[in-house]
Amino acid sequence: MTVKYERNEGVATITIAGAGPRHRLDPGLCAELNARLAAFDDDPTVTVCVLRGAGAAHFSAGATAWPAATRTPISRPVKPVIAAITGDCLGEALAIVAQASDVRIAGAGARFGFPEDDGLGTLLARSRLLQQIPYAPLMALLLTGESIDAAEALRIGLITQVVPDAEVFTQALAIARRVDQLPPYTTRLEKTAILACEHLNAADAVYFGWAFDCMTHRHPDGLEGVSSWVEKREPHWADDYKPVGRGRSGRSARCPAAARFISPPTDRIMPPRARRRR
């Protein structure tokens, strides 16, 4: 059982090879997956990652029986992650997809659900999936233990796209290549902004978005994007790697320009006027 990390021209691939043909998860494998996700975030040579199960049959059928106290919560990378899902994506594996991935490509034969009450999987599902899919379909998955097919998962917004099983990794890699062509700083910043706004009210989200827009426009990549469009040439993005946001591991990597709008320890975004009054 292992988690393999590979790099190829700006795109990383993390492959989960769990126990048996359905890639069952255990504490050691989840800890190794966290380490690989952290390595991906810290790797200056890659901008996007494809997360997949080994082989073409299954992503993962979830966790084996192990105590909840020994489980490691999965990190949420700052950089974009594309999930390539074939076959079973059940229990804690579905929680990992919900927590760690941004775009999800599934094969027509993929299945999603929570057949076992594994504690951590359902906890992550409530905290992450409730922000991603409607309440009623989520509760049906959690309470009944029944699985849904790829077509239904697409209908409720759990996945991004359904393709033939044989084309899942190819399509995920093609999307990753397109993401890799974008300015790395901007893609990281955009993901950070979207995730940060999940828990904000509309007014605070506007101020937060304004701060991130300013950071994007003042970065060299913002100027390069406009210049390359005007000059009708390919852009040359900056090579600097400046992480943004804060991962589940607790490593602080905030954007300096946005930090003045964040009030520790709650990380609540404060409107500039309210910030001056404090």
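The model shown is predicted, which means the values in this text are computed figures rather than measured ones.

**Q** Just give me the short version of the pairing of strand 6 (residues 103–107), but keep the residues and values in it.
**A** Of all five residues in strand 6, four are buried; the element is thus mostly enclosed. Bridging between strand 4 (residues 81–85) and strand 6 involves four bridges; their strand directions are parallel. Across the sheet, residue Ile-85 finds its bridge partner in strand 6, namely Ala-106.

**Q** Which residues make up a nonpolar patch on the surface, and what are the values?
**A** On the surface, Val-226, Trp-229 and Val-230 cluster together into a nonpolar patch covering about 370 Å² of accessible area. Residue placement: Trp-229 occurs in helix 9 (residues 220–230).

**Q** Could you give me a rundown of the side chain of Asp-180, with the residues and numbers involved?
**A** Tracing the backbone shows Asp-180 in helix 6 (residues 168–180). In this structure Asp-180 is buried but unpaired, with Arg-177 as the nearest side chain of opposite charge at 5.0 Å. Within the structure, Asp-180 has its side chain in polar contact with the side chain of Thr-47 (distance 2.6 Å). Discounting chain neighbours no more than four positions away, the residues touching Asp-180 are Glu-9, Gly-10, Val-11, Thr-47 and Val-48.

**Q** Summarise the nonpolar core; cite the residues concerned and give the values.
**A** Counting 40 residues, the largest nonpolar core has Leu-33, Leu-51, Phe-59, Ile-85, Phe-112 and Leu-158 as its most contacted members. Breaking this core down by element, the ones donating at least two residues are strand 2 (11–17), helix 1 (27–42), strand 3 (48–53), strand 4, helix 2 (92–100), helix 4 (135–144) and helix 5 (150–155). The element contributing the most residues to this core is helix 2, with six residues. With residues near it in sequence (within four places) discarded, Phe-59 still touches Ile-16, His-23, Leu-51, Arg-52, Gly-53, Ala-84, Ile-85, Thr-86, Asp-88, Cys-89, Ala-93 and Val-97.

**Q** Give me the lowdown on the sheet that holds strand 7 (residues 111–113), citing residues and values where you can.
**A** Ordered in space as 5-7-8, the three strands form an open sheet in which the pairing is mixed. Single-partner strands in this sheet number two, and they are strand 5 (88–90) and strand 8 (148–149). Note that strand 7 and strand 8 share two bridges and pair antiparallel. Considered in strand 8, the bridge of Arg-111 is made with Asp-149. Across the sheet, helix 2 touches strand 5 and strand 7, and the angle it forms with strand 5 is around 85°.

How each quantity is defined
All residue numbers here refer to positions counted from 1 along the written sequence of the relevant chain. With pLDDT at 70 or above as the cut-off, local features in this predicted model cover only qualifying residues; side-chain atom pairs require 80 or more to be listed or tallied, and sums for whole chains, interfaces and linings still use all residues. Here the side-chain values reflect all heavy atoms present in the structure, with hydrogen atoms and water set aside. Under the scheme applied here, a residue whose accessible area is under 20% of the maximum for its type counts as buried, over 50% as exposed, and between as partly exposed, the area being computed with a 1.4 Å probe on protein chains only. For helices the rule is a DSSP run of H or I covering at least 4 residues; for strands it is a run of E covering at least 2, with both sets numbered from the N terminus onward. Pairing between strands requires that DSSP locate at least two bridges from one strand to the other. Residues enter patches when they are more than 30% accessible in relative terms and free of salt bridges; like-charged ones are connected within 9 Å and nonpolar ones (Val, Leu, Ile, Met, Phe, Trp, Tyr) within 5 Å. Here the accessible surface of atoms and residues is derived via Shrake-Rupley with a 1.4 Å probe, and residues count as covered only by protein chains that are part of the display. By convention in these notes, a salt bridge is any Lys or Arg side-chain nitrogen within 4 Å of a carboxyl oxygen on Asp or Glu. Working convention for charge: Lys and Arg count positive, Asp and Glu count negative, and His plus the chain ends are omitted. Distance and chemistry together define a polar contact, namely a pair of N or O atoms within 3.5 Å, with one atom able to donate a hydrogen and the other to accept it when in protein, and with adjacent residues in sequence counting only for side-chain atoms on both sides. Any pair of residues with heavy atoms lying within 4.5 Å of one another is described as a contacting pair. The definition of a nonpolar core used throughout is a set of buried Ala, Val, Leu, Ile, Met, Phe, Trp, Tyr and Cys residues joined through side-chain atoms within 4.5 Å. Lines fitted to the C-alpha atoms define the axes, with helices restricted to the stretch that makes contact. Angles between their N-to-C directions range from 0 to 180 degrees.

Without other data, these values stay purely geometric and don't point to any function.
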